[in-house]
Amino acid sequence: MRPTEGDEAMVAKSARLSKGKRETAHPVKKRSGSNAPDRGSGTKRPPSKTISGKASGSIRKTGAEHRAARQKPRASSARATGRTSTPADDRRTIIETIQDGYFELDLAGNFTFVNEPLSRNIGYPKDELMGLNYREYTDPANAAILFQNFNRLYLTGNPVDIFECEVIRKDGGRAFAEISLSMIRDAKGNPTGFRGTSRDVTERRKFIDALRSSEERHRIILENMQDGYFENDLAGRLTFVSDAACRHLGYTREELIGAKPGFMEIGPGLEKTTQAYLKVFETGKPVRRLETELTRKDGSVGIYELSLDLIRDAWGAPAGFRGVCHDITEHKQLEKSLRASEERYRNIIETIQDAYIEIDLKGRWTFVNRRACEHLQYTREELVGSHYSKFQPDEAS
């Protein structure tokens, strides 16, 4: 057959297209099933497309395409369940799962939303809290605290940092909360209400109150006791002194706190006290009635009996020392005066020419002077402690 004019035109066009191009071989599958190279013109074919219309060739996806691919299953799941998750739903889910209370109020202070933790803390069911005004679960003093913070927030627009407030639970009990507030605004920026978080600190407040009460009792005891009370760190520096200790020593509390160990002790008392502290630290056992001399601010010397104990931290490790100092200066002076008086008395008794004896209520001799020993011809050791009947004639016994 001869080609027609149309066929000749198509052949000429094909020749022009293939002119100057390198031929390439493409594997093709024969009818028998074996592969054989297929000569092609080298002109790239557009990649074949899948049903979805995307190229089946290996083309790198963009970041946006990857994100879209990851989001598709969620959208498909949402369509399958008949509901679509919104950002508002996600926020509500988070609010319900946090441990702190979350709430929203209108500008009049009425609840418009509360989460489950807040409901538990106040002791009201959520439905009963809706529309409840803050004045209905606070006493007048705490209602005033809330009003001041709401008003400050409304006037300034600045979030209110943590403040503490006491609320009245439905059962009448009291609860303490740390509250933070911020403003809710509409699309135009106008204030429409308040939102806030509330952390229940009731147990912590009870502990603080109990500790404060205990410290108050200890303070009263320390202020009224006559003996001085003090505490040292492990280096021996004073960390606390009572008013009585300041009165005894003549120093102010500011002068004593942080003072180096031994700055008031003189003579052998410093070494003795140092050894006592070491003993308490090493053994953990207290030291009682340690006598030492301390120099007061006015230069006078006082004599004190110290009692020392070890302070331990929460883990039982040594953390310092505490002690009580009992002023025995006057007592020691009286003892010294009495000894001097007795010495003078003994000297007088020993120099008289008459025999002198002292006998207790059981008839035992407790003292004899030199003259009595000479009269009876016994030594003082033989007479003292003996019953008077031993030295009486038989007919007089």
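Before reading further, recall that the structure is shown in the block above.
The structure reproduced in this document is the subject of the present report. This one's a predicted model, so the numbers in the text were calculated from it and none came from an experiment.

Our focus in this paragraph is the environment of V324. Checked against the element boundaries, V324 lands in strand β12 (residues 318-327). The partly exposed category is assigned to V324, whose relative accessible area is 26%. Separated by 20 residues in the primary sequence, V324 and Y304 place their C-alpha atoms 9.6 Å from one another. In contact with V324, other than residues within four places in its own chain, are M225, D227, G228, Y229, F230, E305, L306 and S307.

Inspection of every chain in the model, using the stated rule, returns eleven aromatic pairs. Note on Y345 and Y356: the rings are 6.4 Å apart at their centroids and 85° apart in plane angle, and the pair reads as edge-to-face. Linking Y345 in helix α11 (residues 329-351) with Y356 in the loop between α11 and β13 (357-359), this pair joins segments that are eleven residues apart in sequence. In this structure Y356 comes out as partly exposed when scored by relative accessible area, which is 26%. Members of the aromatic cluster, each reached through a chain of ring pairs, are F103, F111 and Y137. Here R346 stacks its cationic end above the ring of F367, 4.0 Å away from the centre of that ring.

Let's shift gears to the nonpolar core. F103, F111, I179 and L181 are the most contacted members of the largest nonpolar core, which has 25 residues in total. Elements represented by at least two residues in this core include exactly β3 (101-106), β4 (111-114), α4 (116-122), α6 (140-156), β5 (160-168) and β6 (174-185). It is β6 that contributes the most residues to this core, five residues altogether. Dropping the residues within four chain positions of it, L181 is found in contact with F103, N149, F150, L153, P159, V160, F163, R195 and G196. Of all hydrophobic cores here, the second largest spans 21 residues; its members include L238, M264, L308 and F321.

With that settled, consider the pattern of salt bridges. According to the stated counting rule, one finds 23 salt bridges in the structure shown. As a salt-bridge pair, R289 and E305 come within 3.4 Å of each other at their nearest N and O atoms. Of this pair, R289 sits in strand β10 (residues 287-295) while E305 sits in strand β11 (residues 301-312); the two residues are 16 residues apart in sequence, bridging distant segments of the chain. Take E305: its relative accessible area is 17%, and that puts it in the buried class. Among the ionic pairs, E374 bridges to R371, the shortest N-O distance being 2.9 Å. Within this pair, E374 and its partner R371 are both found in helix α12 (residues 370-376), separated by three residues, close to a single helical turn. A single network of salt bridges, built from pairs that share partners, joins E164, R205, D209 and R212.

Okay, the sheet that holds β10 next. Pairing within the open sheet is antiparallel, and its five strands lie in the order β9-β8-β12-β11-β10. Looking along the sheet, the strands with just one partner apiece sit at the ends: β9 (238-241) and β10. Averaged over all adjacent pairs, the angle separating strand axes in this sheet is 30°, with direction ignored. As paired elements, strand β8 (residues 228-232) and β12 share five bridges and run antiparallel to each other. Following the sheet pairing, Y229 is matched in β12 by V324. Across the sheet, α11 touches β10, β11 and β12, and the angle it forms with β11 is around 135°.

What counts and what doesn't
- Residues numbered from 1 in each chain as written.
- Predicted model: local features only at pLDDT ≥ 70, side-chain atom pairs only at ≥ 80, totals over all residues.
- Heavy atoms only, no water.
- Helix = DSSP H or I, 4+ residues; strand = E, 2+ residues; numbered from the N terminus.
- Buried < 20%, exposed > 50% of the residue type's maximum accessible area, 1.4 Å probe, protein only.
- Contact = heavy atoms within 4.5 Å.
- Phe/Tyr/Trp six-rings, centres within 6.5 Å; stacked < 30°, edge-to-face > 60°.
- Lys NZ or Arg CZ within 6 Å of the ring centre and 35° of its normal.
- Core = buried A, V, L, I, M, F, W, Y, C linked by side-chain atoms within 4.5 Å.
- Salt bridge = Lys/Arg side-chain N within 4 Å of Asp/Glu carboxyl O.
- Pairing = 2+ DSSP bridges.
- Axes fitted to C-alpha atoms, helices over the stretch in contact; angles between N-to-C directions.

Honestly, it's all geometry; don't read function into it.
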